[in-house]
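# Secondary and tertiary structure notes
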Amino acid sequence: MLENLQSSERDSVKHYKRALKFYECPAKRASNNGHAVDLFAGCMDQVGLLEMKSLPNSTNGVIVLFDSFATSIFKQSFLRVFNKDDQDILQMGFNATFDVQTAKELKVSGLIGHAFSIGKKSACVGETEIGMGQTSAWRINSITPRTSAAIYFE
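No experiment lies behind these values; they were computed from the predicted model shown. (Residues numbered from 1 in each chain as written. Predicted model: local features only at pLDDT ≥ 70, side-chain atom pairs only at ≥ 80, totals over all residues. Heavy atoms only, no water.)

## Focus on helix 2 (residues 16-32)
- The terminal C-alpha atoms of helix 2, which comprises 17 residues, lie 25 Å apart, in line with the 24 Å expected from a rise of 1.5 Å per residue.
- Listed in full, the buried residues belonging to helix 2 are Tyr 16, Ala 19, Leu 20, Ala 27, Ala 30 and Ser 31. Projected down its long axis, helix 2 carries its buried residues within an arc of 100°, all on one side. In helix 2, the exposed positions that point more than 90 degrees away from the buried face belong to Arg 18, Lys 21, Phe 22, Lys 28 and Arg 29. (Helix = DSSP H or I, 4+ residues; strand = E, 2+ residues; numbered from the N terminus. Expected span 1.5 Å × (residues − 1). Buried < 20%, exposed > 50% of the residue type's maximum accessible area, 1.4 Å probe, protein only. Arc of directions from axis to C-beta.)

## Quick word on the packing of aromatic side chains
- Within this structure, the stated rule accounts for eight aromatic pairs.
- Summarising the aromatic geometry, the rings of Phe 40 and Phe 78 are spaced 5.0 Å apart at their centres and angled 65° between planes, so their arrangement reads as edge-to-face. In this pair, Phe 40 sits in strand 1 (residues 39-41) while Phe 78 sits in helix 5 (residues 72-81), placing the two residues 38 residues apart along the sequence.
- Here Phe 40 falls in the partly exposed class, since its relative accessible area comes to 25%.
- For Phe 78, a relative accessible area of 34% puts it in the partly exposed group. (Phe/Tyr/Trp six-rings, centres within 6.5 Å; stacked < 30°, edge-to-face > 60°.)

## Thoughts on the pairing of strand 6 (residues 137-143)
- Counting buried positions along strand 6 gives five out of seven residues, so the element sits mostly inside the fold.
- The pairing of strand 3 (residues 93-99) with strand 6 spans six bridges and is antiparallel. When the sheet's bridge partners are listed, Asp 99 is paired in strand 6 with Ala 137.
- Where strand 5 (residues 116-117) meets strand 6, two bridges bridge the pair, whose relative direction is antiparallel. Looking at strand 6, one finds that Ser 117 is bridged to Trp 138. (Pairing = 2+ DSSP bridges.)

What follows is the structure, encoded as structure tokens:
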């Protein structure tokens, strides 16, 4: 697997770049529509997860990869995605908006995390861009108690 990853990064895999570009389009559409894409793969041989990584990355989805859907660790991981609280409510939310408002002296440089820019321009947006910048609002398509994001300021 390490050799395949290294050769992918060196552009020696025949269809790697084309596949990356292909999956970026549905990832962008899913993000814009507020969908979360979760990938559950039960095979270790050539499923193309590296090429499909933009789907869960841009939508804050999950990737679960096992050699078989029948293993107990897969079943436990699958059920953990759908954890419920004491009131039997799923511990997840969808299509969340993260909006930063600051005092005049503080400017937002950007966000690093599984979100995408809404493109909201405001007086609190700084000129220095870190991560996804040039905005003060982002959308997070799937949010759980384990979701994290970092906001950077000038």
